[in-house]
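Tertiary structure, described
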Amino acid sequence: MSSIQAQSGDGRLDKPGGELRVLVIVPAYNEAGSIAEVVTKIIKASPVLHVLVVDDGSVDATYASVPKHDRVTAIRLPFNLGIGGAVQTGYRFAANNHFDIAIQVDGDGQHPPDQISKLIDHMTASEADLVIGSRFLPESGAYRAPKSRRSAIKLLGSLIRLLTGGQRVTDCTSGFRAANKSVLRSFAYWYPEDYPEPEVIVALHRAGYVVEEVPVDMKQRETGTSSISFLDGMFYVIKVGFAIILTTIRNPWPKERINHT
């Protein structure tokens, strides 16, 4: 990936005379088998990418396996907070350290670092505040999700489209996403605890943010433990569905926490 320059014409990302500061947030739970390779590939992808690994109370050697590098920081949470708490830790770090873009990348290796540039390029060339890497757009790679999971994603996507008045999202559960400074600051203030990816799409839409997708080529999980087990699948759809509906009536971000500049 080439040097990431700020683009003119986009008020939210314009930084004359300098490069964007980009943080890659890698939440990890028992990912000792993959975290070193994931971080190393991110660092090699571009000299402007900084990496924050959030070890979410792993019981294996995840934290010790994080490579030492001047652009890599690792945080070890004292106990398992879940994906929402781990990711929000990353967004708070990004906000406190004045990053322009925060990108979420899973620690299991499913999100190839060479695809990060697609998210950044789309964000800097568009009005998008959040860019989601989709496995299911026509131009995406040959990722094959189990039929049950694909059906669940389609169902949740249809619910999101209904509740937002037409927002089409083909991969609402994708954790591969880029947030601009305004969104990452909002996420630092509030972020859902459980399975947050579909819920924040509705929350961002209600707050006036622009959410868009780009096609990406993801890999199948090869190591580690998924945060969503097979047995939790049905309960997941019901729980997330209710959470999405509740998001349409609550106000997670006070007006002073929403800054579209």
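Right above here is the structure, for reference.
Now for a description of the structure that goes with this document.

About the cut-offs
Throughout, residues of each chain are indexed from 1 in the direction in which the sequence is written. Local features in a predicted model are, by the rule used here, given only for residues with pLDDT of at least 70; side-chain atom pairs are given and counted only at 80 or more, and totals for whole chains, interfaces and linings are based on all residues. Note that water and hydrogens are dropped before the side-chain values are worked out from all heavy atoms of the structure. Throughout this description, buried means an accessible area under 20% of the type-specific maximum (1.4 Å probe, protein chains only), exposed means over 50%, and partly exposed covers the range between. Per the convention used, a helix needs a DSSP run of H or I reaching at least four residues, while a strand needs a run of E reaching at least two, with both numbered from the N terminus. Strands are labelled as partners when DSSP assigns at least two bridges between them. Place the viewer so that the strands point away; then a crossover is right-handed whenever the path from the first strand over the helix to the second strand goes clockwise. In this analysis, axes come from line fits to C-alpha atoms, helices being fitted only over the stretch in contact, and the angle between any two N-to-C directions falls in the range 0 to 180 degrees.

**Considerations on the pairing of strand 1 (residues 22–28)**
Taken residue by residue, a regular strand's side chains alternate between the two faces of the sheet. Burial within strand 1 is extensive, with 7 of its 7 residues counted as buried. Burial along strand 1 is two-sided: the face carrying Val22, Val24, Val26 and Ala28 and the face carrying Leu23, Ile25 and Pro27 are both buried. Where strand 1 meets strand 2 (residues 49–55), 7 bridges bridge the pair, whose relative direction is parallel. If you follow Val22 over to strand 2, its bridge partner there is Leu49. Read as a crossover between parallel neighbours, the route from strand 1 over helix 1 (residues 35–45) to strand 2 is right-handed.

**Topic: the sheet that holds strand 6 (residues 177–180)**
Ordered in space as 3-2-1-4-6-5-7, the 7 strands form an open sheet in which the pairing is mixed. Every other strand in the sheet has two partners, leaving strand 3 (72–76) and strand 7 (211–215) as the edge strands with one partner each. Recorded for the sheet is a direction-independent mean angle of 20 degrees between the axes of neighbouring strands. As paired strands, strand 4 (residues 101–104) and strand 6 are joined by 4 bridges and run antiparallel to one another. Along strand 6, the bridge assignment pairs Ile103 with Ala178.

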